[in-house]
Amino acid sequence: MQATHQLHVWQQAFDARPESVAAARRKLREVLIAWGWTDPDQWADLVLISSELISNAITHASTSGDEVNVRLQEIGGDCRLEVSDRRPDLLPPRRPRPRGEHGRGLLLVQGLAEDMDVVTTRGSKIVWARVLLGTDPERAA
């Protein structure tokens, strides 16, 4: 008998202010726990990745009054986190400059995520990362 997995989706817009990073992290943890992922060790990397991607969107691609949209989709422990902003013209650097102040956080994201990429449309940019949470014994039953 094959296990069936329920698709979970959450999304929320946050004001493009530095304090929104912590608010988004708190909400993300609440959502994961509500979905049955009760072991923080399973989603610590995902929360760290969310901090980096949301911080980047706020710092590098937003102006006063903007919003940053955060979307999380999970099915069977496979999570896709998306952070979108309205600046498709400002792409994250592929590699940090040797003495530059920015770009190293994305190296961390690349190291922790199973996959990540950037998708642009005419009016927005989505930076996404995929993280495998593993198997939660409470959910596997």
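Scroll up to find the structure this text is about.
Model, not experiment: these values are computed from the prediction.

Once that is clear, we can look at the pattern of salt bridges. Counted according to the given criterion, the structure contains seven salt bridges. The partner of arginine 17 in a salt bridge is glutamate 19, with the nearest N and O atoms 2.5 Å apart. Overall, glutamate 19 belongs to the partly exposed group, its relative accessible area being 45%. The closest approach of N and O atoms between arginine 87 and aspartate 89, which form a salt bridge, is 2.5 Å. A relative accessible area of 30% places arginine 87 in the partly exposed class. For aspartate 89, a relative accessible area of 51% translates into the label exposed.

Spanning 22 residues, helix H2 (residues 40-61) covers 30 Å between terminal C-alpha atoms, matching the ideal 32 Å at 1.5 Å per step. For H2, the side-chain oxygen to backbone nitrogen distance between the N-cap and aspartate 41 is 3.0 Å, and the N-cap itself is aspartate 39.

Position of glutamate 74 among the secondary structure elements: in strand E2 (residues 67-75). Here glutamate 74 falls in the buried class, since its relative accessible area comes to 0%. Looking at glutamate 74, its side chain comes within polar contact range of the side chain of histidine 8, at 2.8 Å. Within the structure, glutamate 74 has its side chain in polar contact with the backbone nitrogen of glycine 76 (distance 3.3 Å).

Attention now moves to the environment of arginine 17. Note that arginine 17 resides in the loop between strand E1 (8-15) and helix H1 (19-34). On a C-alpha basis, the gap between arginine 17 and serine 62 in space is 8.9 Å, while along the polypeptide they are 45 residues apart. Here glutamate 19 takes part through its side chain, which lies 2.5 Å from a polar atom of the side chain of arginine 17.

Throughout the structure, instances matching the rule amount to zero aromatic pairs. Above the plane of the ring of tryptophan 128 lies arginine 80, whose end atom (NZ or CZ) is 4.1 Å from the centre.

Okay, the sheet that holds strand E3 (residues 78-85) next. The strand order across the open sheet formed by five strands is E1-E2-E3-E5-E4, and the pairing between neighbours is antiparallel. Here the strands that pair on one side only, and so sit at the sheet edges, are E1 and strand E4 (115-120). Looking at each pair of strands side by side, their axes are set apart by 15° on average, direction ignored. Here E3 pairs with strand E5 (residues 125-132) via eight bridges, running antiparallel. Within E5, the residue paired with glutamate 82 across the bridge is tryptophan 128.

Parameters and conventions
- Residues numbered from 1 in each chain as written.
- Predicted model: local features only at pLDDT ≥ 70, side-chain atom pairs only at ≥ 80, totals over all residues.
- Heavy atoms only, no water.
- Salt bridge = Lys/Arg side-chain N within 4 Å of Asp/Glu carboxyl O.
- Buried < 20%, exposed > 50% of the residue type's maximum accessible area, 1.4 Å probe, protein only.
- Helix = DSSP H or I, 4+ residues; strand = E, 2+ residues; numbered from the N terminus.
- Expected span 1.5 Å × (residues − 1).
- Polar contact = N/O pair within 3.5 Å; in protein donor to acceptor, adjacent residues only side chain to side chain.
- Phe/Tyr/Trp six-rings, centres within 6.5 Å; stacked < 30°, edge-to-face > 60°.
- Lys NZ or Arg CZ within 6 Å of the ring centre and 35° of its normal.
- Pairing = 2+ DSSP bridges.
- Axes fitted to C-alpha atoms, helices over the stretch in contact; angles between N-to-C directions.

Geometry only, nothing functional implied.
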